[in-house]
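Topology and contacts: notes
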Amino acid sequence: MTNFLPHDDVTVVLQGPLSESGLSNIPNIEKLTSNIVISAWDIDLHSKQNLLDTLQYMDRIVTTKLSDYIEDVLINDQFSRKNYFYNNSNISLQMATTLKGLLRVKTKYAIKIRCDEIYTNIEPFIKKVKSSPNKLITNDIFFSPDDGEKFHPSDHIIGGTTENMLGTFKKLREICVEY
């Protein structure tokens, strides 16, 4: 008998620097979906061994055995090592790690959450994403409708169809490379 979780058509991409608090939130996510991809910055984890050591340390702290996700942990270095990419507000690293994680998604919907944050119940967010499949959904934390970064969306949690998310982050990659 297979257990079906309420949102197995959603993959959560945990993106950015690994942190104890963010990774300790995985059990909350696993109540909703079994699809999780971790895409870490290599500037925080300079080698696969450091990554394994970090996951083994986290296994002692959180209830989920994080090393079970080892096949889904990505070390991203293409954009973090080349300082000639446009990187205002660290957008290049966010783009590179999010895109690399999104390329592993096989579900209809994808939600990107920063690895250094906790959202104990993302189900309302998931429902909003599913009810608006033609839109990207984000939260309003640090939303900046100013002249410098006109209508800059939050980078803390973003969701939509995987197709729309991929399109957005591929376009962002073009911008980072061009500028």
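Preceding this section is the structure that the text describes.
Residues numbered from 1 in each chain as written. Predicted model: local features only at pLDDT ≥ 70, side-chain atom pairs only at ≥ 80, totals over all residues. Heavy atoms only, no water.

1. Observations concerning the pairing of strand β1 (residues 10-16)
Burial runs high along β1: seven of the seven residues are buried. Bridge count for β1 against strand β4 (residues 109-114) is six bridges, and the pairing is parallel. Residue Val12 lies in a different strand from β4, and its bridge partner there is Ile111. (Buried < 20%, exposed > 50% of the residue type's maximum accessible area, 1.4 Å probe, protein only. Helix = DSSP H or I, 4+ residues; strand = E, 2+ residues; numbered from the N terminus. Pairing = 2+ DSSP bridges.)

2. Quick word on the pattern of salt bridges
Counted according to the given criterion, the structure contains four salt bridges. Notably, a salt bridge pairs Asp116 with Arg114, separated by 3.0 Å at the nearest N-O pair. Note on Asp116: relative accessible area 28%, which makes it partly exposed. The closest approach of N and O atoms between Glu117 and Arg114, which form a salt bridge, is 3.8 Å. The exposure class of Glu117 is buried, given its relative accessible area of 14%. Assessed through its relative accessible area of 22%, Arg114 is described here as partly exposed. Each member of the salt-bridge network shares a partner with another, and the members are Arg114, Asp116 and Glu117. (Salt bridge = Lys/Arg side-chain N within 4 Å of Asp/Glu carboxyl O.)

3. Focus: the environment of Leu136
Residue placement: Leu136 occurs in the loop between α5 (123-131) and β5 (137-138). A sequence separation of 22 residues divides Leu136 from Ile158, and the C-alpha atoms of the two residues are 6.8 Å apart. Look past the residues within four positions of Leu136 in its chain and what remains in contact with it is Gly159, Gly160, Asn164, Met165 and Thr168. (Contact = heavy atoms within 4.5 Å.)

4. Remarks on the nonpolar core
Within the largest apolar cluster, 21 residues are counted, with the highest numbers of intra-cluster contacts made by Leu14, Ile38, Ile111, Ile113 and Ile122. Counting 15 residues, the second-largest nonpolar core is a separate cluster that includes Ile91, Leu99, Ile158 and Leu166. (Core = buried A, V, L, I, M, F, W, Y, C linked by side-chain atoms within 4.5 Å.)

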